[in-house]
Amino acid sequence: METQHLSDAELAAQPAAYWTGVAYESLIAFTRAQLAEFGFTQPQYWLLRNLSKNDISPNGHGMTIAELQQAMSSYLRPEDDLEAAAAVLLERGWLTRDGEGRLWITESGDEARAGLKQHAPAIRDRIHHGIDDADYVATLKVLQQMIRNTGGTPV
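If you're wondering where the values come from, they're calculated on a predicted model, not measured in any experiment.

What counts and what doesn't
- Residues numbered from 1 in each chain as written.
- Predicted model: local features only at pLDDT ≥ 70, side-chain atom pairs only at ≥ 80, totals over all residues.
- Heavy atoms only, no water.
- 1 Å grid on protein atoms, 1.4 Å probe; cavity = no way out; pocket = protein on both sides within 12 Å on 5 of 7 lines; lining within 4 Å.
- Points joined across faces, edges and corners; volume = space filled by probe spheres on them.
- Helix = DSSP H or I, 4+ residues; strand = E, 2+ residues; numbered from the N terminus.
- Nonpolar A, V, L, I, M, F, W, Y, C, P; charged D, E, K, R; others polar.
- Phe/Tyr/Trp six-rings, centres within 6.5 Å; stacked < 30°, edge-to-face > 60°.
- Buried < 20%, exposed > 50% of the residue type's maximum accessible area, 1.4 Å probe, protein only.
- Lys NZ or Arg CZ within 6 Å of the ring centre and 35° of its normal.

Trainee: Would you take a moment to explain the layout of surface pockets for this structure?
Mentor: The method is simple in principle: a probe with the dimensions of a water molecule rolls over the atoms, and the space it marks as empty is what remains. Taken as a whole, the largest pocket encloses approximately 1,800 Å³ of empty space. If you trace the largest pocket, you find 37 residues lining it, with Tyr-24, Leu-27, Tyr-136, Leu-140 and Leu-143 closest to the centre. Listed by contribution, the elements that provide at least two residues to the lining of the largest pocket are helix H2 (16-37), helix H3 (42-51), helix H6 (107-117), helix H7 (120-128) and helix H8 (133-149). Sort the elements by how many residues they give to the lining of the largest pocket and H2 lands first, with ten residues. When the residues that make up the lining of the largest pocket are grouped by side-chain class, the tally is 24 nonpolar, ten polar and three charged.

Here it is in structure tokens:
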């Protein structure tokens, strides 16, 4: 569906599910390409974030792949292979695995996580280019209302 030649009335009749799907795929592809330029996959970055006491992990304790999959269930994609992602991070020395199969972030892994996290504002800025905060907030509020209207619960 092309938007360049559609009037506002025609755009208002467009299916939101189609456009949110297109936006989702485009944003994920862009973000993953940006992370790849820094030598990471998105699942690798998520592993580091979920294991770091300086980020998402509340306590910095090790987790099994199954526990990590559960923790990331709302944003993992079907093609994401946490075991393969962890294997690369283990090779780099950014994770270790204990005798019970729990993954732990190392000091160098946390440094790598922090380094990559410094690039997040620039990635966000590229995604938000030409969109003022008021329009962005209005868009999110509309999406949240659509979620409520369809029986969902915005997080």
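The discussion continues.
Trainee: Which parts of the structure should I look at to understand the packing of aromatic side chains?
Mentor: For any pair of aromatic rings, the description consists of the separation of the ring centres together with the inter-plane angle of the planes. The final tally for this structure, using the stated rule, is four aromatic pairs. Both rings, one in Tyr-18 and one in Trp-19, keep their centres 4.9 Å apart while their planes meet at 85°; by these two values the pair is edge-to-face. With 6.4 Å between their ring centres and 80° between their planes, Phe-40 and Tyr-45 make a pair best called edge-to-face. The exposure class of Tyr-45 is buried, given its relative accessible area of 9%. One aromatic cluster is present, formed by Phe-40, Tyr-45 and Trp-94 through successive ring pairs. Positioned above the aromatic ring of Tyr-136, the side-chain terminus of Arg-124 is 5.8 Å from the ring centre.

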